[in-house]
Amino acid sequence: MLGFLFRRAVLALLVCLTVLVVAFSLTRLSGDLAVSIGGPNATSEDIATIRKNYGLDRPLPVQFFDWAANAASGDLGRSYLYHAPVSGLIKERLPITLALGMSGLTIALLTAIPLGIVSAMREGSVLDRVIGLVALLGQAMPSFWLGLVLVIWFGLKLQWLPISGIDTWDGFILPGIVLAFSAIPALLRLTRAGMIEALSSDYIRTARAKGLSTASIVLKHALRNAAMPVVSVAAVQLGFMLGGSIVIETVFALHGIGYLAWESISKNDFPVVQAVVLLLAMIYTALTLVADMMNAVLDPRLRAG
Amino acid sequence: MTKPVLDIVNLRTGFSDGTAAVRGISLQVARGETHCLVGESGCGKSVSALSVMNLLPRGARRSADVMRFQDHDLTRLSERDMARLRGDKMAMIFQEPMTSLNPAYTIGSQMAEVYERHRGASRAAALDRAAQLLSRVGITAPGLRLAQYPHQLSGGLRQRVMIAMALMCEPELLIADEPTTALDVTVQAQILRLLQALQAELGLALLLITHDLGIVARMAQRVSVMYAGEVVEHGSAAALFAAPTHPYTRGLLGCIPIPGKTPRDEPLGSIPGTVPRIGQGFAGCAFRDRCAHAAPACGGTIPDQAVTPAHTVRCTMALP
């Protein structure tokens, strides 16, 4: 078990280092940073000054190691746009995105797993087909459109929920639902496929031969074996939600990491871009690590390997 | 004869695609008796057993004139009431010990839950009982085994665990579906000896499904030979081995080499042709295409004929 964790942790570290290099290279490839910082009215002298002040005249490897060393010690540089430390910006924005992602994932799991189980138990029935169709529709619906529709119905017409902002906890419900919709189809189909396979297995026949209750057969014996791919994909989906909630953050006026990323990319605020990419990469690898650990808890055979 | 533990008359099981897998079999198993159900793959042995347990796959239907276990009419019981009997009064072990245990739970947890479910026992009491049964089936260090997972055990050990698990609630009837087919020959012998010993000790009614006539000779008091969903010959093991009457039974026995009796250089007996697809069913004898004695009468309905009062055969040759 410890060896397993150690191998995964080393792998995760290597992934983060690779992302670090890629993120740095990409920002440098996207044009002359000094020119974009200077703006359209800057003279060539201004640009030369900027280049010198920001250290952009140094060789690229030197710039990289300088930045990496600072990042390792927690200093992610200063934003040109906000004239504030990047780490402060992230600290301020991250909780919003995390709360949004968690509510999205929670809603997605609470919907997808029960529906997937029911679908698997009634495989081929009308109910199964209806659930499959709803999942398909969910996947086909663009999130900005769904977000606006929900705002119009539940925010404006029924006035049940706030339409934007997060002054109270229920502000997370509508954006959470929209985020969840994109994750539900994959999770639902995985749950269904896994449960169909598990329910037709020999050990389920044994469980039935033992006279166990349907609840115990389905929820204890089958679900645990069907859960592993669902856990892995749920981790990836949460990563998507945290990194890709730009549209939803915009629709619901939530100033999270997604919004920050979009803003900094469009204004070429490269210290922020680099830091956000690095942060998301770390979140992704951490989530994958957590999923691997959860799977090792679920399946004793993985612990041995 | 005292009232049998399991009494089946005219059991029919069909699948949703129209296949008539079991076409009217009758059999009885008495307390302390081993009844062997013999036949080739696909003849309906396992489906018959699953029909008794009500463990058939979805879409399959069973019906019978009589299907009685103790005082329970199994044709009338709801699935809920069947579940109450299964694992408690009637238990079953399967051919595939490698996949029949849940990989995600410990042996102890899987054994204990049967006792918790049917006896309302606490986890501690159930684990005690499980440890007791593991030693009874010849597993050393039961305490250690209870904490292990199925993948840490060999096939023979897993089948012992399955047997111990089936005996948790002291069932009256044990159905063993090819319990040794997937095991090494030496382990096979151990498992069979164990089943015999347990049967003698607990007075189990044992319905043993096998394709191996060596096992039948060793274990059975009664034998039913199945072919294409029907019982073609039935009788005491002694009568059946002494005077096999149905051509199929004779063919099966002819396939077994007997040391000292079967001549060395002669080819071993075999039954020509292949097992027919059962499909919707047959008119007349299903074996007649492979039978050396086939006659026009074989296409009609053939009633069971008594060779002796306890030995019946379904064949035109036995007609008076």
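Just above sits the structure.
Here's what I pulled together on the structure shown here. None of the values given here were measured: they were computed from a predicted structure.

Parameters and conventions
Residues numbered from 1 in each chain as written. Chains lettered and ligands numbered in written order. Predicted model: local features only at pLDDT ≥ 70, side-chain atom pairs only at ≥ 80, totals over all residues. Heavy atoms only, no water. Helix = DSSP H or I, 4+ residues; strand = E, 2+ residues; numbered from the N terminus. Rg over C-alpha atoms; globule rule 2.2 N^0.38 Å. Buried < 20%, exposed > 50% of the residue type's maximum accessible area, 1.4 Å probe, protein only. Contact = heavy atoms within 4.5 Å. Areas by Shrake-Rupley, 256 points an atom, 1.4 Å probe, with all protein chains shown as cover. Lys, Arg positive; Asp, Glu negative; His and termini not counted. Charge placed at Lys NZ, Arg CZ, Asp CG, Glu CD. Axes fitted to C-alpha atoms, helices over the stretch in contact; angles between N-to-C directions. Left-handed = near helix turned anticlockwise from the far one by under 90°. Nonpolar A, V, L, I, M, F, W, Y, C, P; charged D, E, K, R; others polar. Core = buried A, V, L, I, M, F, W, Y, C linked by side-chain atoms within 4.5 Å.

1. What to know about the overall build of chain B
Each helix and strand in chain B was counted, giving 10 helices and 13 strands. Relative to the compact-globule value of 20 Å for 320 residues, chain B shows a C-alpha radius of gyration of 20 Å, a close match. For the C-alpha atoms alone, the extent of chain B along its principal axes is close to 65 × 50 × 40 Å. Of all 320 residues assigned to chain B, the portion counted as buried reaches 55%. Considering only residue pairs separated by 6 or more positions, chain B has 65% of its internal contacts joining residues 24 or more positions apart. Of the roughly 13,900 Å² of accessible surface on chain B, 52% is carried by carbon and sulfur atoms. On chain B, the mean spot of the 32 positive side-chain charges and the mean spot of the 27 negative ones are 2 Å from each other.

2. Points about the packing of helix α12 (residues 257-266) of chain A against helix α13 (residues 270-298) of chain A
Residue and element names in this part refer to chain A. Two elements in contact, α12 and α13, have axes whose closest approach is 9 Å; the angle formed by their N-to-C orientations is 145 degrees. Handedness of the crossing formed by α12 with α13: left-handed. Where α12 abuts α13, its residues Ile257, Leu260, Ala261, Ser264 and Ile265 lie against Val272, Val273, Val276, Leu279 and Leu280. Among the residues forming the contact of α12 with α13, the class breakdown is nine nonpolar, one polar and no charged.

3. Examining the side chain of Asp7(B)
Structurally, Asp7(B) is set in strand β1 (residues 6-14). In this structure Asp7(B) touches Leu27(B), Gln28(B), Val66(B), Met67(B) and Arg68(B), once residues within four positions along its chain are discounted.

4. Regarding the nonpolar core
Judged by nonpolar contacts, the single largest core of 100 residues is most densely connected at Leu6(B), Met111(B), Ile163(B) and Ile175(B). Looking at this core, the element that brings in the most residues is helix α6 (residues 155-166) of chain B, giving seven residues. Setting aside chain neighbours within four positions, we find Met111(B) in contact with Ala130(B), Leu133(B), Leu134(B), Leu146(B), Val161(B), Ala164(B), Met165(B) and Met168(B). Counting residues in each nonpolar core, the second largest holds 50 residues, with Leu100(A), Val178(A), Leu280(A) and Leu298(A) among its members.

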